[in-house]
Amino acid sequence: MSTTLDRVLDHIDASFDASLERLKTLLRVPSVSTDPAHAGDVQACAELTADLLRQAGLDATVHTTPGHPMVVATGGNPDGHHVLYYGHYDVQPADPIELWDTAPFEPTIAGEGDERRIVCRGAADDKGQLMMFVEAMRAWHEVGGGMPLRITVLLEGEEESGSPSLDPFLQEHCDMLRPDVCIVSDTGMWNRQTPAITTMLRGLVYLDVKLSGPSHDLHSGMYGGAVVNPLNELTRILGGLHDNDGRITVEGFYDGVRDPASAKQWATLDFDEAAFLDSAGLQQSTGEANRTVLERIWSRPTLDINGICGGYTGEGAKTVIAAEGRAKVSCRLVPGQDPQCIEAALIAHFETRTPPGCTWAIQGHGCNPAIEVETDSPWLRGAVDALGTEFDNDTVLCGCGGSIPVVGSFQSILGAQSLLVGFGLDDDRVHSPNEKFDLICLHKGIRSHAAIAEALAHVGATAT
Ligand code: BES
Ligand code: ZN
């Protein structure tokens, strides 16, 4: 005899094309949170996700914040365990647009058979991923009368720009939001055949630094050699941020750094380094000496220059000493590092190296710590079992080099643990041109969320 879950899964299979069309509608909205020019699109996207949640049988509200809106929806079985689902409907900028093969906000299906994928900014990060649980909720609603859990959905519109409104919002609404457990749908699988639950995320510190010198751009023949060149100085200072062994030279940077608890497990993972490098179009890895690639991306802190600008970059030559130079610099943090201390140490690093005749303007874009989540709980075991059945394969507990600030906020403000269940792949090109999400991941992700809901509904009364 078929169970309700069987019927929900069949319904998901039968309505997959419609699910895909709904995802396309969401992807067409250019909800770039970091760019004020897109504020209207971000608002429109919030309204659209609220509509999709209502169609899935939930009560949805778009809450205004000092920044972009938060979408909150509630529903499901009022007597069930309370699960808070999180995703973000904002996306990274599409730049550089000229490197896209198709229009960045026009979802396009590419590939054949099991290789079919949807190409669009936000396909994997994070609209495709949030739509997986929304579609699973819709299927439970249409087949079984609603999710077997009491659910709250929180969709954020500022994740890609540092989540400035998140903590105040969680504080204000903590009684309504506080769940038994959270499900965060914004990470990846181990590979196409193997599901994963992420148990550690790196933190982030991000600075915008501007070095100014002369009062205006100067002729480099008239002044060059006799006056300070902010771009020469800025790049010299940036170039000194790493030593020859790939270690970061900022004083105190490694203070307190420890190997995360889950690192031991990672040593046993069968990591395909060549495939990982291939997803970046490379054959060799670089970084801190004497560290594996998994350590470098999951458990070691890093510093990256994310952008540099200044001076003349147009066609042909222009002999000029630019009055100022700018750079965006960020650090990925690991357990034991205090984001505020790292930010202060970085600022001090720049300030103690101020070239004569120059001044800095330094602006922070948010700070968040590395996060470790529980690696064993009845919730996690339920999710692992459900994923194992769906994929007919063991679930890998892995780390993640990226940051999802909400996970720390759920811990500190709501006192809740998160299950980081995601279906992205290393070659999804998140934050890059031609971002994509495999349709098989989308389909299996919807099925998995439906099955995880069933598994969590059965977690025993002793589980908290
Ligand atoms: N979905 C990503 C986090 C992620 C990255 C998961 C790679 C799995 C693999 C998330 O949306 C993201 O990009 N976060 C930002 C956070 C930042 C802007 C505070 C990040 O990691 O850069
Ligand atoms: Zn994301």
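Since we're looking at a predicted model, the values are computed, not measured.

The rules behind the values
Residues numbered from 1 in each chain as written. Chains lettered and ligands numbered in written order. Predicted model: local features only at pLDDT ≥ 70, side-chain atom pairs only at ≥ 80, totals over all residues. Heavy atoms only, no water. Helix = DSSP H or I, 4+ residues; strand = E, 2+ residues; numbered from the N terminus. Rg over C-alpha atoms; globule rule 2.2 N^0.38 Å. Buried < 20%, exposed > 50% of the residue type's maximum accessible area, 1.4 Å probe, protein only. Contact = heavy atoms within 4.5 Å. Areas by Shrake-Rupley, 256 points an atom, 1.4 Å probe, with all protein chains shown as cover. Lys, Arg positive; Asp, Glu negative; His and termini not counted. Charge placed at Lys NZ, Arg CZ, Asp CG, Glu CD. Patch = residues over 30% accessible without salt bridge, like charges linked within 9 Å, V, L, I, M, F, W, Y side chains within 5 Å. Salt bridge = Lys/Arg side-chain N within 4 Å of Asp/Glu carboxyl O. Near = heavy atom within 4 Å. Polar contact = N/O pair within 3.5 Å; in protein donor to acceptor, adjacent residues only side chain to side chain. Nonpolar A, V, L, I, M, F, W, Y, C, P; charged D, E, K, R; others polar. Core = buried A, V, L, I, M, F, W, Y, C linked by side-chain atoms within 4.5 Å. Donors = N, O, S within 2.8 Å, 3.2 Å for Na, K, Ca; no water. Tetrahedral: all angles 85-135°; square planar, octahedral: opposite > 155°, others 65-115°. Axes fitted to C-alpha atoms, helices over the stretch in contact; angles between N-to-C directions. Parallel < 35°, antiparallel > 145°, perpendicular 65-115°, else oblique.

Below, the discussion takes up the overall build of the chain. The helix and strand tally for the chain stands at 15 helices and 18 strands. Over its C-alpha trace the chain gives a radius of gyration of 23 Å, about what one expects of a compact globule, namely 23 Å for 464 residues. Within the chain, the proportion of its 464 residues that are buried is 51%. Expressed as a percentage of contacts within the chain between residues at least 6 apart in sequence, the contacts between residues at least 24 apart total 79%. If you sum the accessible surface of the chain, you get close to 20,200 Å²; carbon and sulfur atoms cover 48% of it. Once the 32 positive and 65 negative side-chain charges of the chain are each reduced to a mean point, those two points are 2 Å apart.

Right, let's get into a nonpolar patch on the surface. On the surface, M222, Y223 and V227 cluster together into a nonpolar patch covering about 290 Å² of accessible area. If you trace the backbone, Y223 turns up in helix α7 (residues 220–223).

So, on to the site of ligand 1. Neighbouring ligand 1 are 14 residues; E159, D186, R332, S403 and H431 lie closest to it. Contacts to ligand 1 include E160, whose side-chain N or O atom sits 3.2 Å from an oxygen atom. About the coverage of ligand 1: the protein hides 82% of its 510 Å² of free accessible area. For the shell around ligand 1, a count of residues per class yields 4 nonpolar, 5 polar and 5 charged.

So, on to the nonpolar core. Most often, soluble globular proteins keep nonpolar side chains buried together rather than apart. Judged by nonpolar contacts, the single largest core of 68 residues is most densely connected at Y85 and L456. No other element matches the 11 residues that helix α4 (residues 123–144) contributes to this core. When sequence neighbours within four positions are dropped, the list of residues in contact with Y85 reads F133, M137, M147, L149, I151, T152, V153, L154, I183, H449 and A453. In terms of nonpolar packing, the next biggest core, distinct from the first, is built from 24 residues, M70, Y86, V373 and L420 among them.

Moving on: the coordination of the zinc ion (ligand 2). Coordination of the zinc ion (ligand 2) by the protein comes from H88 (NE2), D125 (OD), D186 (OD) and D186 (OD), over a distance range of 1.8 to 2.6 Å. Taken together, the 6 donor atoms coordinating the zinc ion (ligand 2) and their angles of 53 to 161° define a geometry best described as irregular. Of note, the zinc ion (ligand 2) draws all its donor residues from one chain, in the sequence arrangement H-x36-D-x60-D. In this pair, D125 sits in helix α4 while D186 sits in the loop between β7 (181–184) and β8 (196–201), placing the two residues 61 residues apart along the sequence. D186 matches D125 in its accessibility class, with the two residues each being buried.

Looking now at helix α14 (residues 405–414). Because each turn of an α-helix spans 3.6 residues, side chains separated by three or four positions in sequence point in the same direction. With 8 of 10 residues buried, α14 is to be regarded as a mostly interior element. Within α14, the full set of buried residues consists of P405, V406, V407, G408, S409, F410, I413 and L414. Following α14 by one or two positions, G415 adopts a phi angle in the positive range, close to 65°.

A few words now on the packing of helix α2 (residues 16–27) against helix α3 (residues 39–55). Where α2 meets α3, the axes come as close as 10 Å, and the angle between the chain directions of the two elements is 160°. In terms of orientation, α2 and α3 fall into the roughly antiparallel class. Residues R22, T25 and L26 of α2 form the contact with α3, whose own contacting residues are C45, L48, T49, L52 and Q55. Grouping the constituent residues of the contact of α2 with α3 by class yields 4 nonpolar, 3 polar and 1 charged.

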